[in-house]
Amino acid sequence: MKLVVVNKWTYLYLLLPVVGVIKFLIYDISLFTTNMAYFGYHLFISILISVIGICFFIKFNTRSHWMNPDHPKD
């Protein structure tokens with residue numbers, strides 16, 4: 001498996017982890033003191049946003065038949 005970035009626009013998927021962290025810092029920290037159930041739910045959403053962005057970046061830039069069979073060869 002080799003990570004080859006062909007389309008530079010796929011770097012935008014790496015902004016999703018940043019969005020997840022910013023959402024956590026701005027919104028989820030305030031829920032920590034008021035309601036722990038909502039804090040856990042929104043923390044899960046922040047982590048999910050970050051993981052999806054990283055997975056999409058890896059999927060669209062990996063050269064393998066299983067992950068991305070239409071990826072151009074180098």
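Note that the coordinates shown come from a computational prediction; the quantities given were computed from them, not determined experimentally.

Within the structure shown, the criterion is met by five aromatic pairs. Note on Tyr-13 and Phe-60: the rings are 5.5 Å apart at their centroids and 35 degrees apart in plane angle, and the pair reads as tilted. Of this pair, Tyr-13 sits in the loop between strand 1 (2-3) and helix 1 (15-34) while Phe-60 sits in helix 2 (residues 36-61), and the two are 47 residues apart along the sequence. Judged by relative accessible area, Tyr-13 falls into the partly exposed class, the value being 27%.

This part covers a nonpolar patch on the surface. Judged by side-chain polarity, Trp-9, Leu-12, Leu-15, Val-18, Val-21, Ile-22, Leu-25, Ile-26, Tyr-27 and Ile-29 come together as a nonpolar surface patch covering roughly 1,000 Å² of accessible area. Tracing the sequence through the fold places Leu-25 in helix 1. The exposure class assigned to Leu-25 is exposed, which follows from its relative accessible area of 55%.

Cut-offs and rules
- Residues numbered from 1 in each chain as written.
- Predicted model: local features only at pLDDT ≥ 70, side-chain atom pairs only at ≥ 80, totals over all residues.
- Heavy atoms only, no water.
- Phe/Tyr/Trp six-rings, centres within 6.5 Å; stacked < 30°, edge-to-face > 60°.
- Helix = DSSP H or I, 4+ residues; strand = E, 2+ residues; numbered from the N terminus.
- Buried < 20%, exposed > 50% of the residue type's maximum accessible area, 1.4 Å probe, protein only.
- Patch = residues over 30% accessible without salt bridge, like charges linked within 9 Å, V, L, I, M, F, W, Y side chains within 5 Å.
- Areas by Shrake-Rupley, 256 points an atom, 1.4 Å probe, with all protein chains shown as cover.
- Salt bridge = Lys/Arg side-chain N within 4 Å of Asp/Glu carboxyl O.

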